[in-house]
Amino acid sequence: MWRWVFCGFWFPLLLGAQPTPDVFDLARKGSEEAVRSVLATQPRAFDCVSPAGFTPLILACNTGNTPVVKVLLEAGVAVNYTSDQGTALMAAVVRGNAEVVGLLLDAKADPNLTDVQGNTALHFAVQFKNTAIIQNLLAHGARREVKDGKGMTAFEYAVQSGDEAIIALLKG
């Protein structure tokens, strides 16, 4: 173990090299400049999955780090990777971040992918009662008829909520 720590951490420092930045921390709370700096020398550095099953893009969407989301999308990271808890698009929907939802949809995020419980981004948008995001998802091909693991569609959740505006959107 000590040998690994020495070689894996101290040795590069002794040679004057900087330790490799944690791309997952950069995604969560890093700056656009820091991410661009890593990408300049390691173009595929953000094409990875954390031990918890999340990509840097999912983490950036979850924390609302919009500048980093933009850089990662420009770099061509996988926009449709699905963890057990969902996609980057689902993270942005749950957080109510309409700007990031739009960026992801423009980057060809698939609004019909499901998490392990069968939820789509539309299910989440309805449950969080975000009409602007619901409209955007529908405009990008979100399917109203997809049933989650409980056998319910987004429309059925809308009816349960009693939100007439959302019900009307989904009747479309």
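The rules we used
- Residues numbered from 1 in each chain as written.
- Predicted model: local features only at pLDDT ≥ 70, side-chain atom pairs only at ≥ 80, totals over all residues.
- Heavy atoms only, no water.
- pLDDT = per-residue confidence, 0-100.
- Contact = heavy atoms within 4.5 Å.
- Helix = DSSP H or I, 4+ residues; strand = E, 2+ residues; numbered from the N terminus.
- Buried < 20%, exposed > 50% of the residue type's maximum accessible area, 1.4 Å probe, protein only.
- Polar contact = N/O pair within 3.5 Å; in protein donor to acceptor, adjacent residues only side chain to side chain.

**Q** Give me the confidence of the model for the chain: which residues, what numbers.
**A** Chain-level statistics for the chain give a pLDDT mean of 90 and a share of 88% at 70 or above. Note on residues 1-19: pLDDT under 50 across the span, and eight contacts to partners over four residues away in sequence or across chains.

**Q** I'd like a description of unusual backbone geometry, backed by residues and values.
**A** When glycine is set aside, most residues are seen to have a negative phi, and most peptide bonds are trans. A positive phi is found at Lys108, a non-glycine position, where the angle reads about 75°. Structurally, Lys108 is set in the loop between helix H7 (98-106) and helix H8 (121-127). Judged by relative accessible area, which is 65%, Lys108 ranks as exposed. Located in the positive-phi region is Lys129, a residue other than glycine, with phi close to 55°. Mapped onto the elements, Lys129 comes out in the loop between H8 and helix H9 (131-139). Under the relative-accessibility criterion, Lys129 is labelled partly exposed at 46%.

**Q** Kindly report on the side chain of Asn130, identifying the contributing residues and their values.
**A** Structurally, Asn130 is set in the loop between H8 and H9. Within the structure, the side chain of Asn130 is placed 3.1 Å from the backbone nitrogen of Ile133, a separation counted as a polar contact. Apart from the residues lying within four places of it in its own chain, the contact partners of Asn130 are Gly96, Ala125 and Ile166.

**Q** Describe the side chain of Asn65, listing the residues and the values that go with them.
**A** In this fold, Asn65 is placed in the loop between helix H4 (56-63) and helix H5 (66-74). Classification of Asn65 by relative accessible area gives buried; the value is 11%. Polar contacts involving the side chain of Asn65 include one to the main-chain carbonyl oxygen of Ala27, which spans 3.2 Å.

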